[in-house]
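Summary of structural features
Read off the chains here:
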Amino acid sequence: MTAPEIESNGLSRSQLTRSTAIWPLFALGALLLLNAFALPSFFELEFLDGNLYGSLVDVLNRSSIGVVLAVGMTLVIATGGVDLSVGSVLAITGTVAATLMAKTELGVTTAVLISIAVAMLAGALNGLLVTSLKIEPVIATLVLMVSGRGIAKYIAGEQVISVPRDEAFAAFDWIGNGHLFGLPVPTLLALSLALVTFFVVRKTSIGLLIESVGGNAAASRATGINDRMVKLFVYVFAAFCAGVAGLIDTAYINASDPVNAGVFTELDAIFAVLVGGTALTGGRFSLTGSIVGAILLQTLLTTMYAYGVASDVAPVPKAGVILIVCLLQSTKVRTWFRKRARGQQGNPATAFSSPADSSSEEAS
Amino acid sequence: MNQRWSKLVSTASTASVLLLLWIVAGLAFDNFWSPFVVADLFSENAFLGISAIGMTLVILSGGIDLSVGSVIGFTTIFVATLITDHSVSPWLAWLTALLIGTGFGAMMGFLIHVFELPAFLVTLAGLFFARGMAFFVKPESVQIRSETYEWLSSCAVPTGGGAELELTTLILLSVFAIALVTLNLTRFGRNIFAIGGSQSSAQLMGLPVGRTKVLVYAISGFCSALAGITMTLYMDSGNPINATALELDAIAIVVIGGTLLSGGVGGVTGTMLGFLIYGTIYQITYFASLSSSLATIAIGALLLTFIMLQRLIVAPAEAE
């Protein structure tokens, strides 16, 4: 199908433009280039007590929650689903962890383990609704999105829970504000989670199973794939990621705010996944693309702050980016562009490239 | 199982939940069965009801509108700023706000239809855009000082027993009546059901799919703007943070009311019942001095129950 487009320089044009991570990387590069001229201070880095500081490090640090959520969301979207509840699960996890540390005798490790378990339980609920009751993912996860915040508020007793400031909880503070090898711990956490996930999905069969189920669940079942288990797995995994994000979020400020923690993060995560080139319809996915997407989103925000845009107004340009990405990925717009390109080249050989082209994009 | 019958079952089950809540609450708390409680129920949440009715049309057509909360927030601060800071006449401010809301909805509908973009994403962009614009107008709460507002707050229809229906309630009831007539007695209403049932069939039958879809989102935008104005009438102020995440409550109400999220089945009568259930649950937590977070949890549980009910009764499991 792509044969006519191959150029002589070895790397085909289609390979380049269809590698899903290339567009967000391109956008990120453009944004950084713009900053290089307009905001030189953006690239200033300094060492303080052996730790790296600067806008770039800050971007990586602040994007860690987005990256973690995007990794989980990628797998869910790859199965053709979506998880709207991650923001609420994030709030529940943070609240459980903070409450356990503030109001019980439990140590940091136990509190962290219990709260992650709670998150995975929430994910299992989502997964069961989708697989056993066959409820549409948007609706199934909407339930927990609506009630999850109520649950978090109820656990916290409708108030902000602070993690006690003493030696016993220094380890928890380290999760959010510590440094390792000169880099912020949240960044390292997010990157290691992303790396482990990447190797697990690409080096074992699970990635293939997810793409197969997302491509066609019925056909996968016919070939002997337990599609329910695969779907259950991705929802539990997404909730696990939301749990990790919740811990990072709580550790940043050493407190859990059930009302404001993680509001709209599910939308940011979905957005990062889409920018990264994974289609909402499921099938092929690109973890690298999603991660770059999440970092791009944070870079955009940090850049806007650097230009003095109020943080409350920042959603306006964000909306613009969402729209542009949607338009670029719209089949209609793509066909239109392709037609124009063809018209200029006057190459009849590509005229019969089928609509399947757009659905068989190369995943990175 | 035909559609008419299943629709009846779902409306009846919503109505019986409402009835059950009222009976239990009335037995448990003194003074729950009073016209004051009913009047409160309507006036306190009127803005939510109005946006839920707009949302019903969108969901019936097979779409979704996530931007309603942000449009409400934008409208409240926009109207408040125009009236207080720029001494614009309230009527003109309302007209402008309604035009903006409708235009905004139409724009989203246009993008969704013409470029075949997922409604979920376009209205998500709308959510961010409208909320950002709300803060752009003014980042803090603005009190409305206007004679018109004072005069309007005194307008009310007595219902006997000392209780009265406030203007906000009257707006909600009129929107409901108009939506009911439009959906059931006009060609436009029938087109919405047809498109929600199957867009390709509707297209093949020669129905004006594009026009209807754009109009549906425009109406939802109009309803959100109207809901925002209603909110300023109720609160006498505007705040860019108003109605954050209200779209979730609106969607929950629509689903509890028996409208299928996949489109084509449901109606505004169910939404009204869902709205009353929502208000009643909050009234109960208030009467029992429970925390409002329990009400949120209860609504989530109810949402789950109704979705499961729809799954089991209304939409028999599709052949795999």
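Attention here is on the structure that accompanies the text. What you are looking at is a predicted structure, and each value in this text was computed from that prediction instead of being measured.

Some points on the overall build of chain B
Helix and strand counts for chain B come out as 13 helices and 4 strands. Taken against the 2.2 N^0.38 rule, which gives 20 Å for 320 residues, the C-alpha radius of gyration of chain B at 20 Å falls within 12% of a compact globule. If you line up chain B on its principal axes, its C-alpha atoms span 60 × 50 × 35 Å. Relative to its 320 residues, chain B shows a buried fraction of 56%. Considering only contacts in chain B between residues 6 or more positions apart, those separated by 24 or more positions represent 78%. Positive and negative side-chain charges of chain B, numbering 10 and 16 respectively, have mean locations separated by a distance of 16 Å.

Digging into the packing of aromatic side chains
Tallied over the entire structure, the rule returns 14 aromatic pairs over all chains. Between the aromatic rings of Trp 91 of chain B and Trp 94 of chain B, the centroid separation amounts to 4.9 Å while the plane-to-plane angle is 75°, which identifies the pairing as edge-to-face. Here Trp 91 of chain B and its partner Trp 94 of chain B are both found in helix 4 (residues 90-114), 3 residues apart, which amounts to about one turn of the helix. Looking at Trp 94 of chain B, the relative accessible area reads 9%, which means it is buried. Taking the centre distance of 5.7 Å and the plane angle of 65° together, the rings of Trp 94 of chain B and Tyr 149 of chain B count as edge-to-face. One end of the pair, Trp 94 of chain B, is in helix 4; the other, Tyr 149 of chain B, is in helix 6 (residues 147-153), and 55 residues separate them in sequence. Judged on exposure class, the residue Trp 94 of chain B and its partner Tyr 149 of chain B are both buried. Among the aromatic residues, those joined into a ring-pair cluster are Trp 22, Phe 29, Phe 32, Tyr 286 and Phe 287 of chain B. When the ring centre of Tyr 252 of chain A is taken as origin, the NZ or CZ atom of Arg 62 of chain A, which lies over that ring, is 4.5 Å away.

A short note on the pattern of salt bridges
Residues and elements named next belong to chain A. Within the structure shown, the criterion is met by 4 salt bridges over all chains. The closest approach of N and O atoms between Glu 211 and Arg 202, which form a salt bridge, is 3.6 Å. Taking the relative accessible area as the measure of exposure, Arg 202 reaches 29% and is therefore partly exposed. Close ionic contact of Arg 284 with Glu 211 constitutes a salt bridge, the shortest N to O distance being 3.9 Å. On the criterion of sequence distance, the pair formed by Arg 284 in the loop between helix 13 (265-275) and helix 14 (287-306) and Glu 211 in helix 10 (residues 206-215) is long-range, its members being 73 residues apart. Three or more residues are tied together by salt bridges with common partners; here these are Arg 202, Glu 211 and Arg 284.

Details of a negative patch on the surface
All names here are of chain B. Among the surface-exposed residues, Asp 40, Glu 44, Glu 164 and Glu 166 lie close enough to one another that they form a single negatively charged patch. Of all the secondary-structure elements, those providing two or more residues to the negative patch are helix 2 (35-60) and strand 3 (163-166). Note on placement: Glu 166 falls in strand 3. Judged by its relative accessible area of 35%, Glu 166 is partly exposed.

A look at the interface of chain A and chain B
Counting residues at the interface gives 37 residues for chain A, matched by 38 residues for chain B. Interface of chain A and chain B: buried area, both sides summed, is about 3600 Å²; carbon and sulfur atoms make up 82% of it. At the boundary of chain A and chain B, one finds 0 salt bridges. Elements with a contribution of two residues or more to the side of chain A that touches chain B: helix 7 (137-156), helix 13, helix 15 (315-329) and helix 16 (331-345) of chain A. Classifying every residue of the side of chain A that touches chain B by side-chain character gives 25 nonpolar, 3 polar and 9 charged.

Examining the environment of Phe 306 of chain B
Residues and elements named next belong to chain B. Positionally, Phe 306 belongs in helix 13 (residues 292-314). Taking the C-alpha atoms as reference points, Phe 306 and Ala 250, 56 residues apart in sequence, are found 15 Å from one another. Ignoring any residue separated from it by four or fewer positions in sequence, one finds Phe 306 in contact with Ser 13, Thr 14, Val 17, Val 255 and Ile 256.

Thoughts on unusual backbone geometry
Residues and elements named next belong to chain B. A positive phi is found at Ser 87, a non-glycine position, where the angle reads about 45°. Within the secondary structure, Ser 87 is located in the loop between helix 3 (68-86) and helix 4. When its relative accessible area of 62% is taken as the criterion, Ser 87 is described as exposed. The backbone phi angle of Ala 243 is positive, close to 60°, even though this residue is not glycine. With relative accessibility at 13%, the residue Ala 243 sits in the buried group.

Some words on the side chain of Thr 285 of chain B
All names here are of chain B. By the element assignment, Thr 285 lies in helix 12 (residues 268-287). Of the residues examined, Thr 285 reaches a relative accessible area of 8% and is grouped as buried. When sequence neighbours within four positions are dropped, the list of residues in contact with Thr 285 reads Leu 290, Ser 291 and Ala 295.

Quick notes on the rules
- Going along each chain's sequence as written, the residues are numbered from 1 onward.
- The lettering of chains begins at A and the numbering of ligands begins at 1, in the order of writing.
- Two thresholds apply to this predicted model, a pLDDT of at least 70 for residue-level local features and 80 or more for giving and counting side-chain atom pairs, whereas whole-chain, interface and lining totals are computed over all residues.
- Note that the side-chain values use all heavy atoms of the structure and ignore hydrogens as well as water.
- Secondary structure follows DSSP: runs of H or I at least 4 residues long count as helices, runs of E at least 2 residues long count as strands, and numbering of each begins at the N terminus.
- Throughout, the radius of gyration refers to the C-alpha atoms, and the reference size of a globule is 2.2 Å times the residue count to the power 0.38.
- Between buried and exposed lies partly exposed: a residue is buried under 20% and exposed over 50% of the maximum accessible area for its type, with that area taken using a 1.4 Å probe on protein chains only.
- Contacts are assigned to residue pairs that have any heavy atoms within 4.5 Å of one another.
- His residues and chain termini do not enter the charge count, which takes Lys and Arg as positive and Asp and Glu as negative.
- Taken as the charge location is NZ of Lys, CZ of Arg, CG of Asp or CD of Glu.
- Note on aromatic contacts: the rings of Phe and Tyr and the six-membered ring of Trp form a pair at centre separations within 6.5 Å, being stacked when their planes are under 30 degrees apart, edge-to-face when over 60 apart, and tilted otherwise.
- Whether a charge lies above a ring is judged from NZ of Lys or CZ of Arg, which has to be within 6 Å of the ring centre and within 35 degrees of the ring normal.
- Put simply, a salt bridge is a Lys or Arg side-chain nitrogen that is within 4 Å of an Asp or Glu carboxyl oxygen.
- Surface patches are drawn from residues lacking salt bridges whose relative accessible area is over 30%; two like charges belong together within 9 Å, two nonpolar side chains (Val, Leu, Ile, Met, Phe, Trp, Tyr) within 5 Å.
- In short, Shrake-Rupley with a 1.4 Å probe defines the accessible areas, and a residue's cover is counted only from the protein chains shown.
- Buried area: the accessible surface (1.4 Å probe) lost by two parts on joining, summed over both.
- Under the grouping applied here, Gly and all other residues not named as nonpolar or charged are polar, the nonpolar ones being Ala, Val, Leu, Ile, Met, Phe, Trp, Tyr, Cys and Pro and the charged ones Asp, Glu, Lys and Arg.

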